[in-house]
Amino acid sequence: MKIRYVVKAVAALIILYGFLCSATNAGAELYSNFLKDGSSYTTFDYPGAIGTNVWGINDAGQIVGYYWDSTGSHGFLKDGSSYTSFDYPGAIATNARGINDAGQIVGGYPDSTGGHGFLKDGSSYTSFDYPGAIGTDAYGINDAGQIVGYYGDSTGSHGFLKDGSSYTPFDYPGPVWTYAYGINDAGQIVGTYWDSTDNHGFLKDGSSYTPIDYPGAIWTCAFGINDAGQIVGYYWDSTGSHGFLKDGSSYTTFDYPGPVWTYAYGINDAGQIVGQYAPGPEPYAPVPEPSTLLLFGSGLVGLAAIRRRLKK
């Protein structure tokens, strides 16, 4: 009986992790990626892929993300017009999300034991897990090699900062779930928290937290920050999803040209922004990642119950 519950627990974690990685990819063939440089947009997709998700960009204009094909999900690096695919050794799937100016890449992958963060430095891979967590995922890395992401436990989702071998957990104040996505060289962190009202972005500067809500939006998600403190993300209103740039207290909205919905994920020091767009109105409602993670948390509670049953 115990073996059966262990198998179920591991399988549930893998399925939940895969759901996290793919939930915003419903109707993947409808989504395309863009690079926004000033008022100019350039579209791109990994060659031959079923779908592509772009996440991060560094000051050299190198872009990372992941794509999926008939074999699964794979990380990629886009350098100019050249694409390089990569997979964490032995992983079921590889999702790359952040890159710094040294070309170090972070992301997450699942294997038979669960979900883990990884650091790719050249051809070398390092796996890491927040101590005691059920699952770990990494999203951002700065030039000092500090990494941010989130981990799950029986209480929900929490942000973390990894500095060398040291981990610092954090939560946006209040009864919320916290997801960290981006970090700049000053150590400022952006992310999203979920509370009883909906999803909100935040900026963490030292021990100080500032909420980020696009004026008049139904919900807001913040994903990327550069060294000037400019923040990008997207918000949802009655017309759909739109990208935004927050510079100080000023917000600028933008949409990929045409009747589309827009999602912004990364920004470099030159102000270049990467993100996605999809036809609008879409046949698939875009799922804010934190809401998706709410389902993940529900799964974590279930896994905790399984653990308790194993001890009996």
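Residues numbered from 1 in each chain as written. Predicted model: local features only at pLDDT ≥ 70, side-chain atom pairs only at ≥ 80, totals over all residues. Heavy atoms only, no water.

*Asks:* What should I look at first to understand the pattern of salt bridges in this one?
*Replies:* A pair can form between side chains of opposite charge whenever their charged atoms are brought close. What the rule picks out here adds up to 1 salt bridge. Asp137 serves as the salt-bridge partner of Arg97, at 2.8 Å between the closest nitrogen and oxygen. With Arg97 in strand 7 (residues 95-99) and Asp137 in strand 11 (residues 135-141), this pair connects stretches of sequence that are 40 residues apart. (Salt bridge = Lys/Arg side-chain N within 4 Å of Asp/Glu carboxyl O. Helix = DSSP H or I, 4+ residues; strand = E, 2+ residues; numbered from the N terminus.)

*Asks:* Explain the packing of aromatic side chains here, please?
*Replies:* What characterises a pair of aromatic rings is the spacing of the ring centres plus the angle enclosed by the ring planes. Applying the stated criterion across every chain yields a total of 44 aromatic pairs. Summarising the aromatic geometry, the rings of Phe223 and Tyr234 are spaced 5.4 Å apart at their centres and angled 15 degrees between planes, so their arrangement reads as stacked. With Phe223 in strand 19 (residues 219-225) and Tyr234 in strand 20 (residues 231-237), this pair connects stretches of sequence that are 11 residues apart. In this structure, Lys120 packs its charged tip against the face of Phe86, placed 5.1 Å from the ring centre. When the ring centre of Phe128 is taken as reference, the NZ or CZ atom of Lys162 above it lies at 5.2 Å. (Phe/Tyr/Trp six-rings, centres within 6.5 Å; stacked < 30°, edge-to-face > 60°. Lys NZ or Arg CZ within 6 Å of the ring centre and 35° of its normal.)

*Asks:* Can you help me understand the sheet that holds strand 22 (residues 250-254) in this one?
*Replies:* Note: strands within a sheet are paired through backbone hydrogen bonds, in either parallel or antiparallel orientation. Spatial ordering of the open sheet is given by 19-20-21-22, a layout of 4 strands whose pairing is antiparallel. Single-partner strands in this sheet number two, and they are strand 19 and strand 22. Across the sheet, the axes of successive neighbouring strands diverge by a mean angle of 30 degrees, strand direction being ignored. Here strand 21 (residues 240-247) pairs with strand 22 via 5 bridges, running antiparallel. When the bridges of strand 22 are listed, Phe244 appears paired with Thr253. (Pairing = 2+ DSSP bridges. Axes fitted to C-alpha atoms, helices over the stretch in contact; angles between N-to-C directions.)

*Asks:* Is there a simple way to explain unusual backbone geometry in this structure?
*Replies:* Keep in mind that most residues, glycine aside, have a negative phi and that most peptide bonds are trans. Not every positive phi belongs to a glycine, and Asp198 is a case in point at roughly 155 degrees. Inspection of the secondary structure assignment puts Asp198 in the loop between strand 16 (189-194) and strand 17 (199-205).

*Asks:* Looking at this structure, I do not really get the sheet that holds strand 18 (residues 208-212). What am I missing?
*Replies:* Strand order in the open sheet formed by 4 strands is 15-16-17-18, with antiparallel pairing between adjacent strands. For this open sheet the edge positions go to strand 15 (177-183) and strand 18, each flanked by a neighbour on one side alone. Ignoring which end each strand starts from, the neighbouring axes of this sheet average 30 degrees apart. Bridge count for strand 15 against strand 16 is 6 bridges, and the pairing is antiparallel. Residue pairing in the sheet places Ile183 in a bridge with Ile189 of strand 16.

*Asks:* Just checking my understanding: could you explain the environment of Gln276 for this structure?
*Replies:* The residue Gln276 is located in strand 24 (residues 273-279) in this model. Residue contacts for Gln276: discarding those within four places in its chain leaves Tyr31, Ser32, Asn33, Phe34, Thr52, Asn53, Val54, Trp261, Thr262, Tyr263 and Tyr265. Engagement of the side chain of Gln276 in a polar contact is seen with the backbone oxygen of Thr52, the distance being 2.9 Å. For Gln276, the side chain forms a polar contact with the side chain of Asn53, separated by 2.7 Å. (Contact = heavy atoms within 4.5 Å. Polar contact = N/O pair within 3.5 Å; in protein donor to acceptor, adjacent residues only side chain to side chain.)

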